[in-house]
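# What the coordinates show
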Amino acid sequence: MRYRNFGILITILIVSLCTTLSAQETPTTRPFRMGFTPFPYDISFEAVDYSYTTVFAEGDLIMHHFDSGVPWVEALEGTISQHLQDDWNYRLLRTPENHPVFLSLTPINFDRNGLALYHGTAEDQPLPAPWDTYSFNHPDVKTAYFNYVEQAITFFSPDYVNIGIEANLLMKISPHVWDDYMELHRETYIHLKELHPDLPIFVSMTGIDLLDGYTDVNHQDQLQAFRDLIDYTDIFALSMYPYMTKYMSNEIPQDMYDLLAEWTEKPMAVSETGYPAQDFGIYVGDIRVQFFSDETKQADYIQFLLDEAYQHNFVFVVNFVLRDYDALWEKIGAREDLTIAWRDTGLFDENGNERPALSIWRDWLNMPYQKPN
């Protein structure tokens, strides 16, 4: 009996050892796509050209991010504004054929507190009458937004489509309009899936606000937002900026993706993320908050992020900023507001020098992509 128990113990130890070694094996393929937005570091043709060229050299996914208004007036009639059409034409022209495309669209404004502004002759123009009185669930809003998204799908033939950027922030900032928004989201999602059953259509959420205690949100409201959205999204897509939490840039919580993975069995993805490689300060009201970071902290986050993406079979990972946009930031006023929060999150610095995080990124990118079963 004693020898029998000893044999069982040895078997358990061998199985445990083999499991541990297997978990530590170096991956040879990756289950997730990797990409950036072509967000330029400066206001110049050179910066735009650099962004497009480098996005395709350093990733196998491009995210076209539209977060500066909807052509409400035109979309109601089934068209889009000429200004936006010119932008779409340029993006499509610069995107290589068969390169995976991720479209990110939203009916929510940049402040995440109401209906998106108007994209007419320019981005983020004031809503014209009567659109300035419409709720999210107004019939014209529903028709125009569906038309807008469907036109984008037809034009870009994307591989992934986000139809609501950081939607749970609307619950945080303007909970009184949440039900109206959900009516719009549900109907848009259902109608699009009828036409495109095989196209991943989803909504993104700020993961840091879903995690209890990470930010100052009402956690019960965030739980409700998640419950409302999860049945109308094909992917649990997360906008993740972990330094914008109580941990600031002092610590990277090592269990945050594990905790979020427990929320649903739907596939996960990181629709946008980043981590600063330099110190910066930001005003919250009249109080200036200082963030202390460096290239090592950024590299640690990128390594952690991609390890987690492998562990949890993320669909894709997007590091929003390719190259630090100090030059652009100076030209728009050099303010210590939200525009500075992402300024130094590029994997290239403001001068185009490679950061240590880029080597880590490339190590994963160089592994063959293999879609999970």
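Residues numbered from 1 in each chain as written. Predicted model: local features only at pLDDT ≥ 70, side-chain atom pairs only at ≥ 80, totals over all residues. Heavy atoms only, no water.

Here the focus is the side chain of glutamate 74. Looking at where glutamate 74 falls in the secondary structure, it is placed in helix α3 (residues 72–76). Excluding anything up to four places from it in sequence, glutamate 74 contacts Thr79, Ile80, Ser81 and Tyr118. (Helix = DSSP H or I, 4+ residues; strand = E, 2+ residues; numbered from the N terminus. Contact = heavy atoms within 4.5 Å.)

Turning to the side chain of glutamate 58, a few remarks are in order. Inspection of the secondary structure assignment puts glutamate 58 in the loop between α2 (45–57) and β2 (61–65). Accessibility expressed as a relative area gives 8% for glutamate 58, which makes it buried. Glutamate 58 has contacts with Phe36, Phe348, Leu358, Trp361, Arg362 and Leu365, leaving out every residue within four places of it along the chain. (Buried < 20%, exposed > 50% of the residue type's maximum accessible area, 1.4 Å probe, protein only.)

With that settled, consider the pattern of salt bridges. For the structure on display, the rule yields 17 salt bridges. Close ionic contact of arginine 112 with aspartate 67 constitutes a salt bridge, the shortest N to O distance being 2.8 Å. Within this pair, whereas arginine 112 is found in the loop between β3 (101–104) and α5 (139–156), its partner aspartate 67 is found in the loop between β2 and α3, the two being separated by 45 residues in sequence. This pair shows no difference in class: arginine 112 is buried, exactly as aspartate 67 is. Residues joined by salt bridges that share partners form a network here, namely Arg30, Arg33 and Asp60. (Salt bridge = Lys/Arg side-chain N within 4 Å of Asp/Glu carboxyl O.)

The next point concerns the nonpolar core. Counting residues in hydrophobic clusters, the biggest one holds 112 residues, and the most contacted among them are Trp72, Tyr148, Tyr181, Tyr301 and Phe316. The leading source of residues in this core is α5, at nine residues. If we ignore the near neighbours within four places in the chain, the residues touching tyrosine 181 are Pro107, Ile108, Phe136, Gly164, Ala167, Leu170, Val203 and Leu229. (Core = buried A, V, L, I, M, F, W, Y, C linked by side-chain atoms within 4.5 Å.)

Neither face of strand β1 (residues 33–36) is exposed, since Arg33 and Gly35 on one face and Met34 and Phe36 on the opposite face are all buried. Taken together, the three bridges between β1 and strand β10 (residues 316–319) define a ladder with parallel strand orientation. From the neighbouring strand, methionine 34 faces β10, where its bridge partner is valine 317. In this structure, β1 lies alongside β2, joined through two bridges in parallel fashion. Among the inter-strand pairings, phenylalanine 36 is bridged to a residue of β2, identified as isoleucine 62. (Pairing = 2+ DSSP bridges.)

This part is about the sheet that holds strand β6 (residues 236–240). The eight strands are arranged β1-β2-β3-β4-β5-β6-β7-β10 in a closed barrel whose pairing can be described as parallel. In this sheet, neighbouring strand axes are inclined to one another by 30° on average, regardless of whether the strands run parallel or antiparallel. Pairing of β3 with strand β4 (residues 160–162), which is carried by three bridges, proceeds in the parallel orientation. Paired with serine 104 across the two strands is asparagine 162, which belongs to β4. The strands that helix α11 (residues 295–311) touches are β1, β6, β7 (268–273) and β10; relative to β10, the one it contacts most, it runs at about 160°. Where helix α13 (residues 356–365) meets the sheet, it contacts β1 and β10, and its direction lies at approximately 140° from that of β1. (Axes fitted to C-alpha atoms, helices over the stretch in contact; angles between N-to-C directions.)

Attention shifts here to helix α4 (residues 82–94). The end-to-end C-alpha distance of α4 is 18 Å, a good match for the 18 Å that 13 residues give at a rise of 1.5 Å each. Regarding α4, the residues found buried are Leu84, Trp88 and Arg91. Each buried residue of α4 lies within a common arc of 65° when the element is viewed along its axis, so the set occupies one face. In this structure, α4 carries Gln82 and Leu93 as exposed residues pointing more than 90 degrees from its buried face. (Expected span 1.5 Å × (residues − 1). Arc of directions from axis to C-beta.)

This next bit is on the packing of aromatic side chains. All chains considered together, the criterion is met by 37 aromatic pairs. Grouped by ring-pair contacts, the aromatic residues Phe66, Trp72, Trp88, Trp131, Tyr134, Tyr145, Tyr148, Phe155 and Phe156 constitute a single cluster. Over the ring of tyrosine 41 we find arginine 323; its NZ or CZ atom is 3.6 Å from the centre of that ring. (Phe/Tyr/Trp six-rings, centres within 6.5 Å; stacked < 30°, edge-to-face > 60°. Lys NZ or Arg CZ within 6 Å of the ring centre and 35° of its normal.)

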